[in-house]
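Reading the structure
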Amino acid sequence: MTLERRLREMIVSGGPLPVSVYMQLCLHDPEAGYYSTQPGLGRDFITAPGLSQVFGELLGLWAVHEWQVMGRPDPFILAELGPGRATMMNDALRAVRVHTDFLTAMRLHLVEASARLREIQALRLATYRPAFADELASLPDAPMICLANEFLDCLPARQFVELDGQWHERVVGLDAQGRFRLGLAVDMVPGAELQASAGRQVRELDLQPGLEIVISALAQRAGPFRALFIDYGSLTPPGDTLRAFRENVQVDPLEQPGTCDLTVDVDFGRLRRLAEKAGLGVDGPALQGPFLGGLGIQQRLDQLIAGQDKQAEVIFKAVSRLVDPGEMGERFKVICLSSPGLPGATGFAMNRLKGEAK
Ligand code: SAH
């Protein structure tokens, strides 16, 4: 049975689904979810590592530096959450190959939900004999450096809407013609009718329960760690940010469930608050552009284009997209969460966002 039909039957028998449940099934249903069956990284959407090798290289060098700050633990875990096609980790590990002490101490652990992507990662990172895990919480207790690019935005979001002074959960239901429709649950009881919001006073809030799960997994770790998250999002609470992408075009998230990537903006303000409350060290959020600038992206670009004729323009344009304020430089944020007691992480000192409380 297609995912579309199963979703329809779930709604008919159990009532409208929270957006988070819809998102989870569309992305990870074992038989028909987007990441389980046809993850179209590079085809449906492009990420920083796919634009330029410089991105992964700089993060690799960042990891070595932070490992040194941590006192060069041996062994230590280098983890990545949602490595996709393993491009970033490949670039990172190639860039640090002279640091043989780092590579010798490193145990590579990949947290990946998609069996299809695991195959690609296992192949492309075979030299480093990666171990796979289903979730961050199941990584062994040892000192850890963790990297995650465009991982948090896939964590399903519940959406809430304040309508004329009352908060409702946005749910996926069926209209009279049997088509999927977004509406508001009249109350939190499954099966509640959908309510239209057209023309009314609304405030909206997208909330990812997965952020709490990430923070609690980190807070429970025994050894020292740093976890660097890069994603798009804002410092203020996001609202109504669910988007779908197929072949690099934004499409209707309710059409052909399971065939496109679904994503929401990450609430970096909330992530920071949750981390501080859990007693973790927090650097950032910073803007991606200045962060990569602080790690030396200009110098790496100069090296790469030196002596290049035809390729120089292509390389320059790709790297510019990573840092330009109008492209990924401002929309993408970087935050580093650390175990208590570690000094501030590299790349954040000169990089406070305007309007930040501290
Ligand atoms: N980091 C890569 C890929 C980003 S796409 C890049 O920057 O190109 C998101 C990645 O996260 C995919 O590898 C996807 O399969 C994985 N993923 C999404 N949700 C996940 C979850 N809940 N647990 C583990 N991996 C997940």
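Note that this is a predicted model, so its numbers are computed, not measured. (Residues numbered from 1 in each chain as written. Predicted model: local features only at pLDDT ≥ 70, side-chain atom pairs only at ≥ 80, totals over all residues. Heavy atoms only, no water.)

Considerations on the packing of aromatic side chains
Counted only if it meets this: When the centres of two rings from Phe, Tyr and Trp lie within 6.5 Å, Trp using its six-membered ring, the rings pair. Their planes under 30 degrees apart give stacked, over 60 give edge-to-face, and anything left gives tilted. Where helices and strands are cited, they refer to DSSP runs of H or I of at least four residues and of E of at least two residues respectively, numbered from the N terminus. Exposure is judged per residue with a 1.4 Å probe applied to protein chains only, and the accessible area is read against the type maximum: over 50% gives exposed, under 20% gives buried, and values in between give partly exposed. Think of it as a cone above the ring: NZ of Lys or CZ of Arg counts as a charge over the ring if it is within 6 Å of the ring centre and within 35 degrees of the ring normal.
A full pass over the atoms with the stated rule returns seven aromatic pairs. The interplanar angle of 50 degrees and the centroid separation of 5.1 Å between the aromatic rings of Phe 291 and Phe 348 together place this pair among those described as tilted. Of this pair, Phe 291 sits in helix α11 (residues 288-294) while Phe 348 sits in the segment after β17 (332-338), and the two are 57 residues apart along the sequence. Judged by its relative accessible area of 0%, Phe 291 falls in the buried class. Judged by its relative accessible area of 4%, Phe 348 is buried. Grouped by ring-pair contacts, the aromatic residues Trp 67, Phe 76 and Phe 102 constitute a single cluster. When the ring centre of Phe 180 is taken as origin, the NZ or CZ atom of Arg 8, which lies over that ring, is 4.9 Å away.

Digging into the confidence of the model for the chain
Operational definition: The predictor attaches a confidence to each residue, called pLDDT, with possible values from 0 through 100. The contact definition used throughout considers only heavy atoms, calling two residues in contact when any of these lie within 4.5 Å.
Per-chain confidence: the chain averages 91 in pLDDT, with 92% of residues scoring 70 or above. Between residues 188-193, whose pLDDT stays under 50, and residues either more than four places distant or in other chains, the model counts 14 contacts. Every residue in residues 353-358 is under pLDDT 50, and counting partners more than four places away or in other chains gives 10 contacts.

Quick word on the sheet that holds strand β12 (residues 243-246)
Let me state the cut-off plainly: Any two strands with at least two DSSP-identified bridges between them are counted as paired. Structural elements are reduced to axes, namely lines fitted to C-alpha atoms, with helices fitted over the stretch in contact, and the angle between N-to-C directions of any two is expressed from 0 to 180 degrees.
On the basis of which strands lie adjacent, the open sheet formed by three strands has the order β13-β12-β14 and antiparallel pairing. Each having just a single partner strand, β13 (249-251) and β14 (261-263) make up the two edges of the open sheet. Strand-to-strand twist of the sheet, defined as the mean angle between neighbouring strand axes without regard to direction, takes the value 40 degrees. Summarising the sheet, β12 and β14 pair through three bridges and their orientation is antiparallel. From the neighbouring strand, Phe 245 faces β14, where its bridge partner is Asp 261.

Digging into the site of the ligand
Definition in use: Throughout, the term near means that a residue has one or more heavy atoms lying within 4 Å of the molecule or strand in question. Two N or O atoms count as a polar contact when they lie within 3.5 Å, although within protein this holds only if one can serve as hydrogen donor and the other as acceptor, and sequence-adjacent residues are included solely when both atoms are side-chain atoms. Working definition of accessibility: Shrake-Rupley area with a 1.4 Å probe, residue cover restricted to the visible protein chains.
Lining the immediate environment of the ligand, one finds 19 residues, of which Thr 47, Gly 82, Gly 84, Glu 112 and Asn 149 sit closest. Within the backbone of Gly 84, a nitrogen or oxygen atom sits 3.1 Å from an oxygen atom of the ligand. Glu 112 is positioned such that a nitrogen or oxygen atom in its side chain is 2.5 Å from an oxygen atom of the ligand. In isolation the ligand has 560 Å² of accessible area, and contact with the protein removes 92% of it.

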